[in-house]
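A closer look at the structure
What follows is each chain in one-letter form.
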Amino acid sequence: MRIRRLPESLIRKIAAGEVIHNPSFVVKELVENSLDAQANRVVVEVENGGKNLVRVSDNGTGMTKEEVLVAIEPHTTSKIESEEDLRRIRTYGFRGEALASIVQVSRTRIVTKTKEDALATQVLITGGKVEEISETHRDTGTTVEVKDLFFNLPVRRKSLKSSSIELRMCREMFERFALVKNNVDFTFISDGKIIHSFPATSDLFERALLILEDLRKGYITFEEELSDLKIKGIVSAREITRPNRTGEYFYVNERFVISEELHEVLMKVYDLPKRRYPIAVLFIETDPEKLDINIHPSKIVVRFLEEEKVKEALEEVLTKNLARKWYRSVTYEEISSRALSVAEPSSYRWFLVKKKYAVVETEDALFFIDLHALHERVIYEEILAKRVWRSKNLKRRVITSLPDEEREKLEKLGFSFQFEGESLVVRKVPEFLTEDAVEEFFKEIIHGSTEMLREKIALAACKLATRSGEFDEKTASKLVDLYFQKKYERCPHGRPVSFRISYEDLDRFFER
């Protein structure tokens, strides 16, 4: 065989395959570009697990026509200019490979606009070849639409996993960014349905409690500064563990990394039984010159130049904070109080009767409100809207087949699933669902009935609500205000919440 030079088009395809392994890496590279462009709103949309479409839209700085045409060429970047810059990398991207790799193995549409441009630039690329350049309308920012990933690499296309598995990997990649960039508004959409919607927040740990619901059972947060290292984190109590490392998130200078060294420290401090792992979201900030992040094509592996110092610091911080004897957790009582927190003190004239009814005077009628029935309904709606339930591990193996939409709904209530090959295995269920009822419950869900779920939640809401005859004026006042905000007419069991009588009816009754 004679040695020959490969065609440029083949070289680029091979290089693209090293950077883009599956749709989740498209999500990774495009979201990184959005964040490097100072976007504070990012929307990720996928279809068919990302195999048919990955679209990332942002409100970042955007690109000019000239810049976008350069950006799709290999080794072009706005993030470094010299070898010196490689030693102090503060951005996610720097190699100039991402966009060039993506356009080589897909049908790509880029729409981008800077605040100085009157119109946006639209570029259509197929397999690395620019097909069309035109002008269009959009706000400042960029949208990159990637269709038919690996359409020109059929072997790679066939090697992609099932749509459900690819979707899970895309979502997990999205969650990595949502966990660290709390000041960015993130939305994740699958096949037209919103899976995640995270408004920007000033609380670094808020999203961890939304994404990693196990943490709600018991967690601690901390922020420490040691020499030139800053270490922040939210970690589970020692008894809150998983059978795998899926709850382990390490960030170094806001970059998600996989680090066996940091993992070893975590396991050493927790000292757990075999095959049990803690839940931990850890943020380490250090001087960029003391890091090498250019040792892996996907930039998820880092090398600390002062590795032992970092490990010792992390061990010290974890040991000190885990030694504390208290953990925060979300309890059933908090659900009840949070359900009422939206209401301001009532501005209506009203009074409490027998500590179980409120009689309210409005301009045109009197309302008699059953406070327990109303409290049940308020809590019921709170349960449906948020992740609020503690979960328990199932002792026996239950396999189910649920549409992604139904699975996402159940996960918000405390259910937990895990893929084993193509099988979806139920790992955890909310505490309100008994072990014996699990299989029957999923049979009903699969056949389109949600009645059992509604009954279980309604029963739980009833137990959480203040008992009839035990209401104080403060709680009653909040419920009165909520009644007129929400207009709830029935409790979860179907009983009426209120009775209304107009002044005209009162006049007739008294023959006035």
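Next up on the list: the overall build of the protein. Broken down by element type, the protein carries 16 helices and 24 strands. Counting across all 512 residues of the protein, residues that qualify as buried make up 49%. Intrachain contacts of the protein at a sequence separation of at least 6 include 68% that bridge at least 24 residues. When the accessible surface of the protein is summed, it comes to about 26,000 Å², and 48% of that surface belongs to carbon and sulfur atoms.

Below, the discussion takes up the packing of helix H2 (residues 23–36) against helix H6 (residues 163–180). The contact between H2 and H6 brings their axes to 8 Å, and the two run at 25°. Relative to H6, the element H2 lies roughly parallel. Here the hand of the crossing between H2 and H6 comes out right-handed. Across from Pro-23, Ser-24, Val-27, Lys-28, Val-31, Glu-32 and Leu-35 in H2, the residues of H6 making contact are Glu-166, Met-169, Cys-170, Met-173, Phe-174 and Phe-177.

Given 3.6 residues per turn, any residue in an α-helix points the same way as the ones three and four places further on. Taking 1.5 Å of rise per residue, the 16 residues of helix H9 (residues 307–322) would be expected to cover 22 Å, and the 22 Å separating its terminal C-alpha atoms lies within 8% of that figure. Residues of H9 that are buried include every one of Val-310, Lys-311, Ala-313, Leu-314, Val-317, Leu-318, Asn-321 and Leu-322, and no others. Seen from one end, H9 has its buried residues packed into an arc of 165°, which puts them on one side. The secondary structure elements touched by the buried residues of H9 are strand S9 (219–226), strand S10 (229–236), helix H8 (260–270), strand S15 (280–285) and strand S17 (303–304).

Enumeration according to the criterion identifies eleven aromatic pairs in this entry. Residues Tyr-251 and Phe-283 carry aromatic rings whose centres are separated by 5.2 Å and whose planes lie at 20° to one another, so their mutual orientation is stacked. Placement of the pair is Tyr-251 in strand S12 (residues 248–252) and Phe-283 in strand S15, with a sequence separation of 32 residues. The same class applies to Tyr-251 and to Phe-283, which are both buried. Here the aromatic residues Phe-174, Phe-186, Phe-188 and Phe-198 are joined through ring pairs into a cluster of three or more. Lying over the aromatic face of Phe-151, Arg-107 brings its terminal NZ or CZ to 4.0 Å of the ring centre. Stacked on the ring of Phe-150, the Lys or Arg Arg-156 has its end atom at 5.2 Å from the ring centre.

Moving on to the pairing of strand S3 (residues 107–113). In terms of residue burial, S3 counts as a mostly covered element, since five of its seven residues are buried. Bridge count for S3 against strand S4 (residues 120–126) is six bridges, and the pairing is antiparallel. If you follow Ile-110 over to S4, its bridge partner there is Val-123. Hairpin geometry of S3 and S4 is characterised by an intervening segment of six residues between the two adjacent antiparallel strands. Summarising the sheet, S3 and strand S6 (residues 141–147) pair through seven bridges and their orientation is antiparallel.

The subject of this paragraph is the sheet that holds strand S1 (residues 41–47). Pairing is mixed in the open sheet, where eight strands are placed in the order S5-S4-S3-S6-S2-S1-S7-S8. Of all strands in the sheet, those with a lone pairing partner are strand S5 (129–136) and strand S8 (193–198), marking the two edges. Going from strand to strand, the sheet's axes swing by 10° on average, the running direction of each strand aside. Its contacts with the sheet place H2 against S1, strand S2 (53–58), S6 and strand S7 (185–190), and it is angled at close to 10° to S2.

Take the environment of Glu-47 next. Within the element layout of this structure, Glu-47 appears in strand S1. Exposure remark for Glu-47: the relative accessible area of 37% places this residue in the partly exposed category. Sequence separation of Glu-47 and Ser-190 is 143 residues, and the distance between their C-alpha atoms is 5.8 Å. If we ignore the near neighbours within four places in the chain, the residues touching Glu-47 are Asn-52, Leu-53 and Asp-191.

This part is about the sheet that holds S15. A sheet is described by the order of its strands in space; here five strands give the open sequence S9-S10-S15-S12-S13, paired in mixed fashion. The sheet is open, and its two edges are formed by S9 and strand S13 (255–257), each paired on a single side. Here the strands of the sheet are splayed against their neighbours by 20° on average, with no regard to which way each runs. When S12 meets S15, the two strands line up parallel, connected through five bridges. Residue pairing for S15: Val-252 is matched across the bridge by Ile-284. This element, H6, spans S12, S13 and S15 of the sheet and lies at about 60° to S12. Contacting S9, S10 and S15, H9 runs over the sheet at an angle of about 140° to S9.

Counted under the stated rule, the structure contains zero disulfides. Note on Cys-491: no disulfide assigned, nearest cysteine sulfur contributed by Cys-462 at a separation of 8.0 Å. For Cys-491, a relative accessible area of 4% gives the class buried.

Let us now look at helix H12 (residues 404–412). Among all positions of H12, only Arg-407, Glu-408, Leu-410 and Glu-411 are buried. Down the axis of H12, the buried set is contained in an arc of 165°. They therefore lie on one face. Positive backbone phi, at 115°, marks Gly-414, one or two positions downstream of H12.

Attention now moves to the pattern of salt bridges. Applying the stated criterion to the full structure yields 25 salt bridges. Here Arg-349 makes a salt bridge to Glu-361, at a shortest N to O gap of 3.5 Å. Of this pair, Arg-349 sits in strand S18 (residues 349–353) while Glu-361 sits in strand S19 (residues 357–361), placing them twelve residues apart in sequence. Residue Arg-349 is classed as exposed on the basis of its relative accessible area, which comes to 62%. One salt bridge in this structure joins Asp-364 and Arg-500, with 3.7 Å as the shortest N-O distance. Of this pair, Asp-364 sits in the loop between S19 and strand S20 (365–370) while Arg-500 sits in strand S24 (residues 498–502), and the two are 136 residues apart along the sequence.

Quick notes on the rules
- Residues numbered from 1 in each chain as written.
- Predicted model: local features only at pLDDT ≥ 70, side-chain atom pairs only at ≥ 80, totals over all residues.
- Heavy atoms only, no water.
- Helix = DSSP H or I, 4+ residues; strand = E, 2+ residues; numbered from the N terminus.
- Buried < 20%, exposed > 50% of the residue type's maximum accessible area, 1.4 Å probe, protein only.
- Contact = heavy atoms within 4.5 Å.
- Areas by Shrake-Rupley, 256 points an atom, 1.4 Å probe, with all protein chains shown as cover.
- Axes fitted to C-alpha atoms, helices over the stretch in contact; angles between N-to-C directions.
- Parallel < 35°, antiparallel > 145°, perpendicular 65-115°, else oblique.
- Left-handed = near helix turned anticlockwise from the far one by under 90°.
- Expected span 1.5 Å × (residues − 1).
- Arc of directions from axis to C-beta.
- Phe/Tyr/Trp six-rings, centres within 6.5 Å; stacked < 30°, edge-to-face > 60°.
- Lys NZ or Arg CZ within 6 Å of the ring centre and 35° of its normal.
- Pairing = 2+ DSSP bridges.
- Disulfide = S-S within 2.5 Å.
- Salt bridge = Lys/Arg side-chain N within 4 Å of Asp/Glu carboxyl O.

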